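Each chain, letter by letter, is given below.
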Amino acid sequence: MKVIVISDMEGVSGIVKWEQTTGGDPMYEEGRRLYTEEINAAVRGARAGGATEVVVMDCHGAGGAWSFNSLIPELLDPGCEFVVQEHWTEYTGFLEQGCDAALFVGMHAMAGAEKGVMNHTVSGQRWLNLWFNGTLVGETGINAALCGTWGCPVLLVTGDEATCDEGRALLGPGLTTVAVKRGLGRFSARQVAPQRARELIEDGARRALADLTAVAPYDPGRPCEIRVELTATSATDEYRRKPGVEIVDPRQIVSRADDWWSAWQQFFF
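Just so it is clear, the structure is predicted and the values come from calculations on it, not from any experiment. (Residues numbered from 1 in each chain as written. Predicted model: local features only at pLDDT ≥ 70, side-chain atom pairs only at ≥ 80, totals over all residues. Heavy atoms only, no water.)

## Here's the deal with the overall build of the protein
Broken down by element type, the protein carries 6 helices and 12 strands. By the compact-globule yardstick of 18 Å for 269 residues, the protein fits well, its C-alpha radius of gyration being 17 Å. Dimensions of the protein along its principal axes, counting C-alpha atoms only, are 50 × 40 × 35 Å. Counting every position in the protein, which comprises 269 residues, the buried fraction comes to 54%. In the structure as shown, the protein presents an accessible area of about 11,000 Å², 48% of it carried by carbon and sulfur atoms. Side chains of the protein carry 24 positive and 36 negative charges; the gap between the two charge centres is 4 Å. (Helix = DSSP H or I, 4+ residues; strand = E, 2+ residues; numbered from the N terminus. Rg over C-alpha atoms; globule rule 2.2 N^0.38 Å. Buried < 20%, exposed > 50% of the residue type's maximum accessible area, 1.4 Å probe, protein only. Areas by Shrake-Rupley, 256 points an atom, 1.4 Å probe, with all protein chains shown as cover. Lys, Arg positive; Asp, Glu negative; His and termini not counted. Charge placed at Lys NZ, Arg CZ, Asp CG, Glu CD.)

Encoded structure:
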């Protein structure tokens, strides 16, 4: 069984502040350790659940050379391999080879989610909202659509309670979720102690892989329209000459194509 682990930092137990997720900040080193150990828990659970090959893909943009490079390699469980990509959603090789399941670790809720800890969508400074064929989504939706492009179902989502609710609403009740904290505000939470959180994630990953049909691969629909609401008119400037991308008002762009992956590539890269 081939399993991909897609991870982000903001949904990790113990992380509630930007300083813990920003490369170069003194608190970032603490965040990296917490992050790596939750990934390790998912890897252990995947192996216990029958995975024969596990690849971890860090999807946290920490800034600078740390972007998509936040986990600590020397602490990583030896039962996996890991990817450092230059740009988010760039690496698709493992999915293209045929991947049986995806496990999402450390996810955060979409921008504007009530009590979503550190909630945002892609760039909180430039993006407000994102829709796939009229459905409001966050980064769980983006990663799920990426996996779904190659027929890979998402079977596990971990993060705060708001993120777990978001995942089930999008992917269905068959999704296994592990909530490691409950948001009290955007930068505050009641949290499960990290050691206990890792136990819950390991168990959740193992249970999730018991039924590979529990969740269908996510497909936003064909043809696909991706709509992005931006924070400022200046944010639309880079999209003015991209083929297939339309500026529909001063702060909104639309990318249309026959399928989600084609529509995503038109504007995101």
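Let's pick the thread back up.
## Points about the packing of aromatic side chains
We describe a pair of aromatic rings using the distance from one ring centre to the other and the angle between the two ring planes. Under the defined criterion, the tally for this structure stands at 16 aromatic pairs. Taking the centre distance of 5.5 Å and the plane angle of 65° together, the rings of W150 and W261 count as edge-to-face. Here W261 lies in helix 6 (residues 260-268) and W150 lies in the loop between helix 3 (139-149) and strand 7 (154-160), a separation of 111 residues in the sequence. (Phe/Tyr/Trp six-rings, centres within 6.5 Å; stacked < 30°, edge-to-face > 60°.)

## Points about the nonpolar core
In terms of nonpolar packing, the biggest core is built from 80 residues, with I4, F104, F132, I226, W260, W264 and F267 touching the most fellow members. Each residue touching F267, except ones within four places of it in the same chain, is listed here: W127, I226, V228, Y239, K242, V245, I253 and S255. (Core = buried A, V, L, I, M, F, W, Y, C linked by side-chain atoms within 4.5 Å. Contact = heavy atoms within 4.5 Å.)

## Describing the pattern of salt bridges
Using the criterion set out here, one finds 14 salt bridges in the structure. For R256, the salt bridge goes to E246, with nearest N and O atoms at 2.8 Å. One end of the pair, R256, is in strand 12 (residues 252-257); the other, E246, is in strand 11 (residues 245-249), and 10 residues separate them in sequence. Ionic contacts of the salt-bridge type, sharing partners, join the residues E225, R227, E246 and R256 into one network. (Salt bridge = Lys/Arg side-chain N within 4 Å of Asp/Glu carboxyl O.)

## Some details on the layout of surface pockets
Think of a ball as big as a water molecule: rolled over the atoms, this probe shows where empty space is left. Its volume calculated, the largest pocket comes out at about 580 Å³. What lines the largest pocket is a set of 21 residues, among which G61, H120, V122, S123 and G124 lie closest to the centre. Grouping the amino acids of the lining of the largest pocket by side-chain chemistry returns 7 nonpolar, 9 polar and 5 charged. (1 Å grid on protein atoms, 1.4 Å probe; cavity = no way out; pocket = protein on both sides within 12 Å on 5 of 7 lines; lining within 4 Å. Points joined across faces, edges and corners; volume = space filled by probe spheres on them. Nonpolar A, V, L, I, M, F, W, Y, C, P; charged D, E, K, R; others polar.)

## Digging into helix 4 (residues 161-171)
Among the residues making up helix 4, those that are buried are A162, T163, C164, E166, G167 and L171. Where helix 4 is buried, its residues contact strand 4 (101-107), helix 3, strand 7 and strand 8 (176-185). Two residues or fewer after helix 4 comes G172, characterised by a positive phi angle close to 110°.

## Points about the sheet that holds strand 5 (residues 127-132)
Remark on secondary structure: sheet strands pair via backbone hydrogen bonds, oriented parallel or antiparallel. If you trace the 5 strands from one edge of the open sheet to the other, you get 6-5-10-12-11, paired in antiparallel fashion. Each edge of the sheet is formed by a strand with only one pairing partner; in this case those strands are strand 6 (135-136) and strand 11. Sheet analysis places strand 11 next to strand 12, joined by 4 bridges and oriented antiparallel. Residue pairing in the sheet places V245 in a bridge with S255 of strand 12. (Pairing = 2+ DSSP bridges.)

## Some words on the pairing of strand 1 (residues 2-7)
With 5 of its 6 residues buried, strand 1 lies for the most part within the structure. Of the strand pairs in this sheet, strand 1 and strand 2 (residues 53-58) are connected by 6 bridges, and their pairing is parallel. Directly across from V5, in strand 2, lies its bridge partner V56. Taken together, strand 1, helix 1 (residues 28-48) and strand 2 constitute a β-α-β crossover, and its handedness is right-handed. With 5 bridges joining them, strand 1 and strand 4 adopt parallel strand pairing. Bridge pairing in strand 4 links I4 to A102. (Right-handed = clockwise from strand over helix to strand, strands pointing away.)

Everything listed here is a matter of geometry and, on its own, says nothing about what the molecule does.
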